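Structural overview
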Number of protein chains: 4
Amino acid sequence: MNQTASARKPRKGRGSAGQENATREGILEAAAQLIVSEGFNACTMRSISQRVNIKAGSLYYHFDSKDEIVVEIMNKGTETLLEQVRNAVEELPASTPFVDRLRRAVHVHVSCKVDRDLPLLQVYEHLTPVIKRQGRVVRKTYADFWKDLIAQGKATGEIRADLDLDLFAPYILSGLNRAPEWANVEHTRIEDIVDMVVETTMNGISPGA
Amino acid sequence: MNQTASARKPRKGRGSAGQENATREGILEAAAQLIVSEGFNACTMRSISQRVNIKAGSLYYHFDSKDEIVVEIMNKGTETLLEQVRNAVEELPASTPFVDRLRRAVHVHVSCKVDRDLPLLQVYEHLTPVIKRQGRVVRKTYADFWKDLIAQGKATGEIRADLDLDLFAPYILSGLNRAPEWANVEHTRIEDIVDMVVETTMNGISPGA
Amino acid sequence: MNQTASARKPRKGRGSAGQENATREGILEAAAQLIVSEGFNACTMRSISQRVNIKAGSLYYHFDSKDEIVVEIMNKGTETLLEQVRNAVEELPASTPFVDRLRRAVHVHVSCKVDRDLPLLQVYEHLTPVIKRQGRVVRKTYADFWKDLIAQGKATGEIRADLDLDLFAPYILSGLNRAPEWANVEHTRIEDIVDMVVETTMNGISPGA
Amino acid sequence: MNQTASARKPRKGRGSAGQENATREGILEAAAQLIVSEGFNACTMRSISQRVNIKAGSLYYHFDSKDEIVVEIMNKGTETLLEQVRNAVEELPASTPFVDRLRRAVHVHVSCKVDRDLPLLQVYEHLTPVIKRQGRVVRKTYADFWKDLIAQGKATGEIRADLDLDLFAPYILSGLNRAPEWANVEHTRIEDIVDMVVETTMNGISPGA
DNA sequence: AATGAATGAGACTTCATTCAT
DNA sequence: TATGAATGAAGTCTCATTCAT
């Protein structure tokens with residue numbers, strides 16, 4: 001179910017997982033905050049360790065390398081986002097029209113990507129392609145969710161049958177992912193962003209629609 | 001026209017500007033290639049200097065800092081892109097319908113972003129938000145071009161009057177910029193990408209269109 | 001008999017010495033294997049502990065320091081070697097001529113130094129002079145055995161009376177100790193090595209002999 | 001002629017080789033001194049750099065890695081030793097009997113291995129097998145010199161024809177190399193060592209000789 | 001007996017930058 | 001214009017060791 005979880009170190013052992021996980025999560029959270037607020041280069045093992053109040057070397061008790069930390073952050077971010085969006089959409093009544101499902105998904109996605117309390121979800125945009133590559137698998141899972149979502153619209157005839165989902169899904173996600181970058185979040189209401197995206201996505205920008 | 005030109009070192013002074021510029025351009029080109037092919041972290045002052053066949057310290061005769069190099073690359077990339085796209089669109093007869101202008105712009109934009117011979121144009125995606133911020137001004141110029149383009153469509157009634165360009169322009173650009181990332185360039189024809197983008201942008205994905 | 005025994009931790013106290021010793025030996029064996037197969041630097045407290053299936057910190061219940069481990073290995077190696085060689089020689093009938101005693105000693109020494117199942121005996125060559133210094137006492141015991149052996153030859157007139165044993169004994173041992181290093185053990189029969197050593201030692205390399 | 005020389009970095013460029021080499025040599029010398037006097041582990045990049053009065057990072061201008069330094073020391077040591085011994089032997093009149101050639105070679109070898117002013121020549125015994133392996137080639141050259149030397153003795157009938165040089169040469173060298181270890185250099189005259197080695201090597205230890 | 005977690009010292013290395021020549 | 005040599009700050013990581021539990 002959780003694809004990266006299985007890749008985690010089996011260190012924790014028996015029941016003390018609570019405590020163990022606390023430190024691990026703390027490290028991930030701290031690193032994510034650093035990346036998002038100060039930039040990727042400012043996220044050093046030393047700066048991370050300071051935020052968690054341990055010494056730099058101690059990080060290596062919990063992770064094998066800085067890379068492991070970064071990759072786990074990246075994937076956890078995507079996983080969390082998937083969870084949030086999926087849950088929100090699945091909460092909707094089965095009869096909900098596609099456009100409303102879409103709106104819901106877009107809304108949650110953008111909200112999350114902009115929420116300062118969820119640094120893990122914003123890390124992605126700060127990473128270099130070289131690192132991003134290590135998140136392909138998880139990211140594909142997320143893209144697949146969107147493809148499914150739209151495919152359902154196709155099935156009910158609410159979406160054009162000839163739409164190539166393999167092209168369209170990543171395309172729309174690219175636009176959404178950069179919301180924090182292009183929308184001056186301070187001065188734009190999320191609802192306006194969502195409305196614009198949903199409206200143009202469904203009906204396009206030509207007046208005939 | 002060249003907004004960063006004023007930031008250049010006033011050193012050149014005499015008449016040998018030709019020679020000077022050659023080296024400058026060489027450095028920028030080399031750095032861009034490195035960033036694109038090996039990743040931002042692999043682009044060090046030394047690796048750059050090797051590609052230009054000089055020693056690391058000599059770079060400082062041409063640039064004040066690495067930052068200057070990177071920022072200039074970034075901005076030059078955007079400027080070149082703007083030039084390419086603008087020229088292509090302006091070449092069209094004045095009577096060209098909006099949808100064809102759009103198609104032209106999208107085509108050139110995507111082609112450039114994917115062209116391995118134009119590393120400067122691909123650097124942007126490899127940069128961290130922290131650095132990207134230093135390219136706001138030039139990037140705004142490029143966004144303004146797109147806003148203008150669409151605004152013309154509005155003026156002729158080919159585009160819905162209520163479209164908020166301040167939101168829509170950066171949104172569509174985000175999707176386009178990441179084309180190299182989401183479209184498996186090896187297996188997808190650029191024409192297909194362009195068609196999909198133009199079609200959904202104009203008419204949306206609902207079947208009514 | 002066991003000169004390092006007195007250096008051991010007095011912890012064991014009670015009666016569970018059997019169990020205790022088992023772990024101690026296991027640790028020493030594991031460390032020796034590591035040193036011999038992966039090199040001295042690869043022998044860390046953690047790598048040792050992994051081989052014994054305990055955690056690094058637990059090693060300190062059995063030993064005070066890594067140094068203690070290494071020194072004990074080194075000395076145990078020498079002690080074992082002494083035991084082996086001495087037993088082999090003492091098994092010989094009292095009337096055995098010197099040359100055959102020598103041959104026996106050389107044979108056992110070289111065989112042991114080359115035997116992959118006796119890592120403790122091969123550790124010595126992997127140590128730095130700084131550490132080796134801590135094994136002087138035990139090593140002197142071993143050298144004394146050889147001096148005695150040759151002295152017996154002197155006593156029976158089978159060896160030249162003017163030979164300075166304090167110089168010669170360590171000299172010949174140096175050559176023997178490095179057998180694994182200089183003899184390509186894969187392609188040389190131990191018997192050939194022994195024959196060469198004994199022959200040249202007894203009669204020299206000049207043809208007159 | 002000099003097998004490692006060609007492996008050196010071609011950095012120096014044109015004529016300033018004198019200055020360049022000075023620093024390089026200084027670094028090697030300093031490192032060798034550290035290894036010999038304080039042990040291999042005490043020879044860190046920092047401690048080396050302190051002795052040369054530069055900062056640790058600056059060492060990397062002259063060498064690519066610590067390994068390169070150590071390996072070069074090791075090989076330079078062997079090469080120098082070869083030079084010394086070969087020169088000394090070749091100085092002898094062509095008519096010099098084998099035993100005197102041998103004595104000369106042994107003398108120079110042992111003297112060098114014991115001379116505190118030639119730290120490079122003593123480094124070898126402080127190295128781990130893992131590192132030593134990287135010196136095989138050069139060391140083979142040295143062993144070959146000794147094989148040649150003895151082979152000449154064979155040719156003139158001064159040495160037994162049936163002696164297996166592939167076994168004997170490395171064997172005798174092992175003993176000689178450890179001279180500093182086994183001979184208490186403070187209290188033993190080098191001449192006595194040499195005499196013992198030459199005498200027993202030529203005539204063996206049996207009285208018949 | 002053993003472990004989980006951490007420490008502190010220090011290892012090697014990289015890199016942008018400087019500057020006399 | 002360019003270089004050789006160095007710097008200083010910082011980076012990631014390793015390791016022997018400690019100690020409360």
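Residues numbered from 1 in each chain as written. Chains lettered and ligands numbered in written order. Predicted model: local features only at pLDDT ≥ 70, side-chain atom pairs only at ≥ 80, totals over all residues.

1. Topic: the overall build of chain A
Counting secondary structure elements, chain A contains ten helices and zero strands. Start at the N end of chain A and walk to the C end: the helices and strands fall as α-α-α-α-α-α-α-α-α-α. Residues classed as buried in chain A amount to 36% of the 209 residues present. At a minimum sequence separation of 6, the contacts of chain A that also span at least 24 residues come to 70%. (Helix = DSSP H or I, 4+ residues; strand = E, 2+ residues; numbered from the N terminus. Buried ≥ 20, exposed ≤ 12 C-beta atoms within 10 Å, placed from the backbone. Contact = placed C-beta atoms within 7 Å.)

2. Side note on the protein's contact with DNA strand E
Near DNA strand E, the surroundings consist of 37 residues, among which Gly57(A), Gly57(B), Gly57(C), Thr44(D) and Gly57(D) are the closest. Elements represented by at least two residues in the surface near DNA strand E include exactly helix H1 (17–38) of chain A, helix H2 (45–52) and helix H4 (66–91) of chain B, helix H1 (17–38) of chain C together with helix H2 (45–52) of chain D. (Near = placed C-beta within 6 Å.)

3. Observations regarding the relation of the copies chain C and chain D
With an axial shift of 0.0 Å and an RMSD of 0.2 Å, the rotation relating chain C to chain D amounts to 179°. When the rotation and shift are considered jointly, the pair of chain copies conforms to a two-fold rotation axis. Rotation axis and chain C: the residue whose C-alpha lies nearest the axis is Gly204(C), separated from it by 1.9 Å. When the interface residues of chain C are mapped onto chain D, 100% of them again lie at the interface, so the same face is used by both copies. (Least-squares fit on C-alpha atoms with pLDDT ≥ 70 in both.)

4. Some remarks on the domain arrangement of chain A
Residue and element names in this part refer to chain A. By the assigned domains, chain A splits into domain 1 (17–63) and domain 2 (66–209). On a C-alpha basis, the centroid separation for the pair domain 1 and domain 2 is 28 Å. Tallying the contact residues gives twelve residues for domain 1 and twelve residues for domain 2. Per-element tally for the side of domain 1 that touches domain 2: the top contributor is H1, with eight residues. Class assignment of the residues belonging to the side of domain 1 that touches domain 2 gives a composition of nine nonpolar, two polar and one charged. (Domains from an automatic or database assignment. Nonpolar A, V, L, I, M, F, W, Y, C, P; charged D, E, K, R; others polar.)

5. Observations regarding the interface of chain A and chain B
The partner chain B presents 37 residues to the 37 residues of chain A that form the contact. Elements with a contribution of two residues or more to the side of chain A that touches chain B: helix H6 (129–132), helix H8 (165–177) and helix H10 (190–203) of chain A. For the side of chain A that touches chain B, the element with the highest residue contribution is H10(A), accounting for eight residues. Among the residues making up the side of chain A that touches chain B, the classes are represented as 19 nonpolar, twelve polar and six charged.

6. Quick notes on the interface of chain C and chain D
Across the boundary between the two partners, chain C contributes 37 residues, which contact 37 residues of chain D. Listing elements by their share of the side of chain C that touches chain D, those giving two or more residues are helix H7 (129–132), helix H9 (165–177) and helix H11 (190–203) of chain C. Per-element accounting of the side of chain C that touches chain D gives the leading share, eight residues, to H11(C). Taken together, the residues of the side of chain C that touches chain D break down into 19 nonpolar, twelve polar and six charged.

7. Structural notes on unusual backbone geometry
For Asn53(A), which is not a glycine, the phi torsion comes out positive at approximately 60°. Within the secondary structure, Asn53(A) is located in the loop between helix H2 (45–52) and helix H3 (59–62).

8. Regarding the relation of the copies chain A and chain B
Least-squares fitting of chain A to chain B yields an RMSD of 0.2 Å, with the superposition described by an axial translation of 0.0 Å and a rotation of 179°. When you check the interface residues of chain A against chain B, 100% turn up at the interface there too, and the contact is symmetric in its surfaces.

9. Some thoughts on the packing of H11(C) against helix H9 (residues 165–177) of chain D
Helices that pack against each other are described as a pair by the angle of their axes relative to one another and the distance between those axes. For the pair H11(C) and H9(D), interaxial distance at closest approach is 10 Å and the crossing angle is 65°. As for how H11(C) packs across H9(D), the hand of that crossing is right-handed. Between H11(C) and H9(D), the residues in contact are Asp192(C), Ile193(C), Met196(C), Val197(C) and Thr200(C) and Leu167(D), Phe168(D) and Tyr171(D), respectively. Across the contact of H11(C) with H9(D), the residue classes break down as six nonpolar, one polar and one charged. (Axes fitted to C-alpha atoms, helices over the stretch in contact; angles between N-to-C directions. Left-handed = near helix turned anticlockwise from the far one by under 90°.)

10. A short note on the nonpolar core
Ala31(C), Ile73(C), Val123(C), Ala31(D), Ile73(D) and Val123(D) are the most contacted members of the largest nonpolar core, which totals 103 residues. Those residues in contact with Ala31(C) that lie beyond four places of it in its chain are Cys43(C), Ile48(C), Ile69(C) and Ile73(C). By size, the runner-up hydrophobic cluster in this structure holds 102 residues, among which are Ala32(A), Cys43(A), Ala179(A) and Tyr171(B). (Core = buried A, V, L, I, M, F, W, Y, C linked by C-beta atoms within 7 Å.)

11. Overview of the environment of Ile35(B)
Residue and element names in this part refer to chain B. For Ile35, the location among the structural elements is in helix H1 (residues 17–38). Separated by 24 residues in sequence, Ile35 and Leu59 have C-alpha atoms that sit 17 Å apart. If we ignore the near neighbours within four places in the chain, the residues touching Ile35 are Phe40, Cys43, Val123 and His126.

12. Topic: the environment of Lys76(C)
All names here are of chain C. Mapping Lys76 onto the fold places it in helix H4 (residues 66–91). In this structure, the C-alpha to C-alpha distance between Lys76 and Val138, residues 62 residues apart in sequence, is 8.7 Å. Each residue touching Lys76, except ones within four places of it in the same chain, is listed here: Leu28 and Leu120.

13. Examining the environment of Asn53(A)
Asn53(A) sits in the exposed class, given 9 other C-beta atoms within 10 Å. Between the C-alpha atoms of Asn53(A) and Ile27(A), which are 26 residues apart in sequence, the distance is 9.8 Å.

14. Examining the packing of helix H8 (residues 136–155) of chain C against H9(C)
All names here are of chain C. As a packed pair, H8 and H9 sit with axes 9 Å apart at the nearest point and diverge in direction by 115°. In this structure, H8 meets H9 at a crossing whose hand is right-handed. Two secondary-structure elements touch here, H8 through Ala143, Trp146, Lys147, Ile150 and Ala151 and H9 through Leu165, Ala169, Pro170 and Leu173.

15. Quick look at H10(A)
In this model H10(A) runs 20 Å from its N-terminal to its C-terminal C-alpha over 14 residues, within 8% of the 20 Å that 1.5 Å per residue would give. Along H10(A), the residues that are buried comprise Ile193(A), Val194(A), Val197(A), Glu199(A), Thr200(A), Thr201(A), Met202(A) and Asn203(A). Lining the buried residues of H10(A) we find helix H5 (98–114), H8 and helix H9 (179–182) of chain A together with helix H9 (165–177) of chain B. Where H10(A) ends, the next residue or the one after it, Gly204(A), has phi of about 75°, a positive value. (Expected span 1.5 Å × (residues − 1).)

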